[in-house]
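Coordinate analysis (summary)
Here is how the chains run, residue by residue.
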Amino acid sequence: MTRVRVTAPRSVPRPAGETREAAEESEVGQVFVRSLIRSQLRLALVVAVGFMLILGAFPVLLAAVPGLAETRIWGIPFDWLLLGAGIYPVIGLSAWLFIRTAARNETRYRDLAGDK
């Protein structure tokens, strides 16, 4: 059996002066970073609250429609299917919206800060 060693190419470290953060450069950079943090926090809270509201609406739906809780599909109660499998599209949609909007926020920050 042959041994194979996989290594990454050697890179040249950058001088410490070139890697300064935008927040350290000026007061305006600090404002941009605080704005990015606030927008990301606001996004996280909106997505989390929206997800919890949708999750809380499932039992209300079951209680609002008479006979829905007793319905069986392939021998499995409908409420179990709804809570067990119906939540995954909601999780996926929430994650997709969060990632897309977070990336847009970071792109706007980079455009404002002048990063390449």
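The rules behind each value
- Residues numbered from 1 in each chain as written.
- Predicted model: local features only at pLDDT ≥ 70, side-chain atom pairs only at ≥ 80, totals over all residues.
- Heavy atoms only, no water.
- Helix = DSSP H or I, 4+ residues; strand = E, 2+ residues; numbered from the N terminus.
- Expected span 1.5 Å × (residues − 1).
- Buried < 20%, exposed > 50% of the residue type's maximum accessible area, 1.4 Å probe, protein only.
- Axes fitted to C-alpha atoms, helices over the stretch in contact; angles between N-to-C directions.
- Parallel < 35°, antiparallel > 145°, perpendicular 65-115°, else oblique.
- Left-handed = near helix turned anticlockwise from the far one by under 90°.
- Contact = heavy atoms within 4.5 Å.
- Salt bridge = Lys/Arg side-chain N within 4 Å of Asp/Glu carboxyl O.
- Core = buried A, V, L, I, M, F, W, Y, C linked by side-chain atoms within 4.5 Å.
- pLDDT = per-residue confidence, 0-100.

**A word on helix 4 (residues 87–113)**
With 27 residues, helix 4 extends 39 Å from end C-alpha to end C-alpha; this agrees with the ideal 39 Å at 1.5 Å per step. Looking only at helix 4, the buried set comprises I87, V90, S94, T101, A102, N105 and Y109.

**Quick look at the packing of helix 2 (residues 27–64) against helix 4**
Here helix 2 crosses helix 4 at 170°, and the two axes come no closer than 10 Å. In terms of orientation, helix 2 and helix 4 fall into the roughly antiparallel class. Relative to helix 4, helix 2 is oriented so that their crossing is right-handed. Facing helix 2, whose interface residues are F32, V33, L36, S39, Q40, L43, A44, V47, F51, I54, L55 and F58, helix 4 presents I87, V90, I91, S94, F98, T101, A102, N105, E106, Y109, L112 and A113.

**What about the pattern of salt bridges?**
Enumeration over the complete set of coordinates arrives at 1 salt bridge. The residue R110 makes a salt bridge to E106 at a minimum N-O spacing of 3.8 Å. One end of the pair is R110 and the other is E106, both in helix 4 and 4 residues apart, which spans about a single turn. Taking relative accessible area as the criterion, E106 reaches 32% and is therefore assigned partly exposed.

**A word on unusual backbone geometry**
Its identity is not glycine, yet W74 carries a phi of approximately 55°, on the positive side. Mapped onto the elements of the fold, W74 is located in the loop between strand 1 (72–73) and strand 2 (76–77). Under the relative-accessibility criterion, W74 is labelled exposed at 81%.

**Concerning the nonpolar core**
By size, the foremost hydrophobic cluster in this structure holds 6 residues: F58, L62, L68, L82, I87 and V90. In this structure I87 touches F51, L55, F58 and L82, once residues within four positions along its chain are discounted.

**As for the side chain of S94**
Counting through the fold element by element, S94 comes out in helix 4. Judged by its relative accessible area of 15%, S94 is buried. Sequence-distant contacts of S94, defined by excluding residues within four places in its chain, comprise V47 and F51.

**Side note on the confidence of the model for the chain**
A residue-level look at the chain finds 86% of positions with pLDDT of 70 or above and a mean pLDDT of 79. Per-element confidence in the chain ranges from a low mean pLDDT of 58 for helix 1 (residues 22–25) to a high of 87 for helix 4. Below a pLDDT of 50 lies the segment residues 16–20, which in the model reaches 2 contacts outside its immediate sequence neighbourhood of four places, other chains included.

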